[in-house]
Amino acid sequence: MKKITLGVLAHVDSGKTTLCEAMMYLSGNLKKLGRVDHRDSFLDTFALERDRGITIFSKQAMMTCRNTEITILDTPGHVDFSAETERTLQVLDYAILVISGTDGVQSHTETLWKLLRKYNVPCILFINKMDLPDTDRRLLTAQLKNKLSDGCVDFGCPDPDELCENLALCDEGLLSEYDESGALSDLSVNEAIRQRKVFPCLFGSALRLEGVEALLDCLCERTIMPAYGDDFGAKVFKISQDNQKNRLTFLKVTGGSMKVREVLKASQNTSGEKINQIRVYSGEKFTAVEEAAAGTVCAVTGITFARPGDGLGAEKNTAMPVLQPVLAYTLNLLDGTDVHTALQRMKALEAEDPQLNVMWNERSGEIRLRLMGDIQIEVLESIIRDRFGMEVGFGEGSIIYKETIDNTVEGVGHFEPLRHYAEVHLLLKPAKRDSGLVFNTACKEDLLDKNWQRLILTHLYEKTHLGVLTGSPITDMEITLVSGKAHAKHTEGGDFRQATYRAVRQGLMTAQSILLEPVYRFTLSVPSENAGRAMSDIRRMYGSFDPPEINGEYAVIKGSAPVSAMRGYARDVIRYTRGKGHLSCTLKGYEPCHNADEVIAAIGYDPEADTENPCDSVFCSHGAGHTVKWNEVKNHMHLNSAISSRPTESISAPARIARYRSQDDIFALDKELMSIFESTYGPIRKRSDSSYIPARRYDATAAKKQKNYRYEPKFDGPGYLLVDGYNVIYAWDKLRELAKTNIDAARSALINILCNYQGYRKCELILVFDAYRVKGHDREVEEIDNISVVYTKEAETADTYIEKTSHKLAKDHRVRVVTSDVMEQLIIIGNGAVRVSSEDFYDEVKTAEDEIREIIGS
């Protein structure tokens, strides 16, 4: 039997729940037809829903119609509960969008349409209440095509040829088939519906059971069951509790199957929790089953870790929802309940609805929640009273602002207290408005291991990052990991957490930040004589609007305005129109704040005083960590900037090589590295012959005693070149690609290259390979042609060997070291050697090869 999950969505008061009742009744799954206004509907199971006549929580009903088993999910229609609706969309195979024939497409209808497009849910439209006067089928069809999609087709068209022509215009594949055969197959039409190229439109009256049979026919004949994989997967979309206070986790099985007493895990690193019971609900009642196959929507008990939007097994977690609250309210405890007890209970509600975003302000001792509007506040007060026996109220709501940036910047975070090390470079780039945050990586694995990169991305995802203007959450940015550094011995996971958070904040401090405010999209209907007052009010509220549409005695004004200015305006409309006007608002999104300076001054946020979100970095000096201010971090960072232009890029390879013939040149070039070394170990004194020694901190008494003493190293014999083998292999493109398939071949290739180089440059070349992880390995030294190849012993890294050797050789010889390891470079400078990056050494080798060819050719 075909099995589909069907969601029913609508603007409030469009007759959505009534349609669900009618479908179940006509399909024989409901013996008695209930009504919302009679408070006996099958799906409005909560007393609060029956009292108000609205759907507050999504409900499940099972319906069998011919060869199709349909799981109906009835969703809330009121805008205050639209987050519940969005969570349900994640598990739908098809949706019915109910539109009132008397109201047509409303602003919330357009919001739901965008959500259906975002979650790629095929949709059938049912235009309800067509039994009422002033409903015009042709005008409504034209409106659907204009405001929703050209793919909206009236499937009630009596002429089959006309229907085929209308369908053929929706898709090139259908048009081609119609041109060739003069007809369209059911398979082609059904596939076009599944791909959201065609949207069947059916007209009727759910209350009078008109057009509902045709809708059932469409569901049975025009839907395709999804293909499910063999591996277990499930998507959690709702959390609630039953009358016995058991936690219910509602989910849809999207692959494989799930059995009672099976263990579900949040991730591979957790022990998991056992399923106690699997329930398939239909209205208030449920059937307990031993196994749920793919395509089943059910509730499980015994699972406490899951949250709405979580993916289990092969299923991935869902991204941040589109519809989010824009107002934050303070919870007032009217009955003297202990604030910590109240906080614990609010956190339990947050597990069911994550968008409540319960916050505890320790300074003020206040609990704050994010809510969509007044109706949700009233419902939440009732739920808290019934479930916890608490009397609560809510203070005046405050606007939830957000922040973004206007220019691309690089954020650097460094965390290096004693025996810890991590450095992170992030590229912060402004993104399209209302796109949210996007995290990715462009960092090379030879620079930073893939596991560290994944950890950094995890830290970016896990935290709500705050802006620097008002301390509001940031949004509309693409944050890319471009560079990073770990230490083989001292880096721990928590180090990258600190470095990542600081990199975000440091980048925001250097960027041009923009304060964003929520904006309503509104539809205002007022008597024509009040249109002038309405337009004046909208301008005063910094809003914009289209020319009014005259509809009989009423003027309909559509536009947008800041939430902060439009709050409470619905009451004003009722007052000055004497109850005849109506204001409907939905969230349009976030736009630059109209009074940013005023808001920033009123909030008075100081980003440098926010100790929970530090902007500064921690560096190590003299064996202890010290703080470096955010605006000085780039003068101390250990890695090169990812976006700043490098003056060396325009210099030819031979010119870059010539720089290294003088130590004065290398230090003049690498000012950043020198500043790091000198800030730690003291200034460097230079001589005309380019020799140098690091100077200790100045001591006047010692200086007098040793006034005439100065250490001058003697440079006898040939110069030495020490090469960090694996560092070079993974820095040179061809060797790196070779190493991916055969590391021995990459080593041999490098040895051959360096043998040729040494024979031409006539230096003592020592090539060092890391073998510190090879258990029981003793140090090996091989003489291959004219170079020494060293394999370090167990527990000895190439860095350690090079540091010791360069320190010993630099006393009597000129020593150059090839590596791109920043920490090693610092020590090399301290030892009196000259460092050459792996990239620059590549150019040097290539130049030597070119010169050899010229000699041979001549």
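Rules used in this analysis
Residues numbered from 1 in each chain as written. Predicted model: local features only at pLDDT ≥ 70, side-chain atom pairs only at ≥ 80, totals over all residues. Heavy atoms only, no water. Helix = DSSP H or I, 4+ residues; strand = E, 2+ residues; numbered from the N terminus. Contact = heavy atoms within 4.5 Å. Areas by Shrake-Rupley, 256 points an atom, 1.4 Å probe, with all protein chains shown as cover. Buried < 20%, exposed > 50% of the residue type's maximum accessible area, 1.4 Å probe, protein only. Pairing = 2+ DSSP bridges. Phe/Tyr/Trp six-rings, centres within 6.5 Å; stacked < 30°, edge-to-face > 60°. Core = buried A, V, L, I, M, F, W, Y, C linked by side-chain atoms within 4.5 Å. Salt bridge = Lys/Arg side-chain N within 4 Å of Asp/Glu carboxyl O. Disulfide = S-S within 2.5 Å. Axes fitted to C-alpha atoms, helices over the stretch in contact; angles between N-to-C directions. Parallel < 35°, antiparallel > 145°, perpendicular 65-115°, else oblique. Left-handed = near helix turned anticlockwise from the far one by under 90°. Nonpolar A, V, L, I, M, F, W, Y, C, P; charged D, E, K, R; others polar. pLDDT = per-residue confidence, 0-100.

A. Spatial organisation of the overall build of the chain. Across its full length, the chain carries 27 helices and 42 strands. Sequence separation of at least 24 residues holds for 69% of the intrachain contacts in the chain that already meet a minimum separation of 6. With an accessible surface of roughly 40900 Å², the chain has 47% of that area assigned to carbon and sulfur atoms.

B. Looking closely at the pairing of strand E31 (residues 554-562). Here E31 lies mainly inside the structure; seven of its nine residues are buried. Examined bridge by bridge, strand E29 (residues 544-545) and E31 share two bridges and lie antiparallel to one another. By the bridge assignment, Ser544 is partnered in E31 with Ser560. Sheet topology note: the strand E30 (residues 549-551)/E31 ladder contains three bridges and is antiparallel. Looking at E31, one finds that Ile550 is bridged to Ala555.

C. View of the packing of aromatic side chains. On inspection of all chains with the given rule, the structure shows 12 aromatic pairs. Ring centres of Phe439 and Tyr461 lie 4.9 Å apart, and the angle between their planes is 80°; on these two criteria the pair is classed as edge-to-face. Taken together, the positions of Phe439 in strand E26 (residues 437-441) and Tyr461 in helix H12 (residues 450-462) put the pair 22 residues apart, joining distant regions of the chain. Classification of Phe439 by relative accessible area gives buried; the value is 11%. Taking the relative accessible area as the measure of exposure, Tyr461 reaches 56% and is therefore exposed. A centroid spacing of 5.3 Å and a plane angle of 75° characterise the contact between Tyr757 and Phe841, whose relative ring orientation is edge-to-face. In this pair, Tyr757 is assigned in helix H24 (residues 743-761) and Phe841 in helix H27 (residues 838-857), connecting sequence segments 84 residues apart. Given a relative accessible area of 0%, Phe841 falls into the buried group.

D. Representation of the nonpolar core within the structure. The biggest cluster of nonpolar side chains holds 49 residues, and the ones touching the most others in it are Leu369, Phe394, Leu524 and Tyr569. Apart from residues lying up to four places away in sequence, Phe394 is in contact with Tyr329, Thr330, Leu331, Asn332, Leu369, Leu371, Ile377, Leu380 and Glu381. By size, the runner-up hydrophobic cluster in this structure holds 44 residues, among which are Leu6, Leu174, Val189 and Cys218.

E. Region of the structure containing the pattern of salt bridges. Scanning the model with the defined rule gives 34 salt bridges in all. As a salt-bridge pair, Arg194 and Glu191 come within 2.4 Å of each other at their nearest N and O atoms. With Arg194 and Glu191 both in helix H8 (residues 186-194) and three residues apart, this pair spans about one turn of that helix. Exposure remark for Glu191: the relative accessible area of 24% places this residue in the partly exposed category. For Arg853, the salt bridge identified is with Asp850, shortest N-O distance 3.0 Å.

F. Quick peek at the state of the cysteines. Applying the stated criterion across every chain yields a total of zero disulfides. You can see Cys218 has no disulfide; the closest cysteine sulfur is in Cys220, sitting 9.4 Å from it. For Cys218, a relative accessible area of 6% translates into the label buried.

G. Representation of the sheet that holds strand E9 (residues 247-255) within the structure. Strand order in this open sheet of six strands is E14-E13-E16-E9-E8-E17, and the pairing throughout is antiparallel. The sheet is open, and its two edges are formed by strand E14 (285-289) and strand E17 (311-313), each paired on a single side. For this sheet, the mean inter-axis angle between neighbouring strands, taken without regard to orientation, is 40°.

H. Focus on the packing of helix H14 (residues 531-540) against helix H16 (residues 569-576). Across the interface, H14 lies against H16 with an axial gap of 11 Å and an inter-helix angle of 160°. Comparing their axes, H16 and H14 come out roughly antiparallel. Every pair of crossing elements has a handedness; the one defined by H14 and H16 is right-handed. In contact with Arg533, Ala534 and Asp537 of H14, H16 contributes Tyr569, Arg575 and Tyr576.

I. Region of the structure containing the packing of helix H6 (residues 160-168) against helix H7 (residues 172-181). Their axes nearest at 8 Å, the elements H6 and H7 cross at an angle of 140°. The orientation of H6 with respect to H7, classified from their angle, is oblique. Residues Asp161, Cys164, Glu165, Leu167 and Ala168 of H6 touch H7, and the partners they reach there are Leu174, Leu175 and Tyr178. Residue composition of the contact of H6 with H7, by class: six nonpolar, no polar and two charged.

J. Region of interest: the confidence of the model for the chain. Summing up the model confidence of the chain, the mean pLDDT is 83 and the portion of residues at 70 or higher is 86%. At the level of individual helices and strands, the chain shows its lowest average pLDDT in strand E36 (residues 692-694), which scores 35, and its highest in strand E23 (residues 402-405), which scores 96. A low-confidence stretch, residues 645-673 stays under pLDDT 50, and its non-local contacts, those more than four residues away or across chains, total 48 contacts.

K. Just unusual backbone geometry, in detail. Although it is not a glycine, Asp13 sits at a positive phi angle of roughly 65°. With respect to the helices and strands, Asp13 occurs in the loop between strand E1 (2-10) and helix H1 (16-26). With relative accessibility at 56%, the residue Asp13 sits in the exposed group. One non-glycine residue with positive phi stands out, namely Lys129, at about 65°. Along the polypeptide, Lys129 turns up in the loop between strand E5 (123-128) and helix H5 (137-147).

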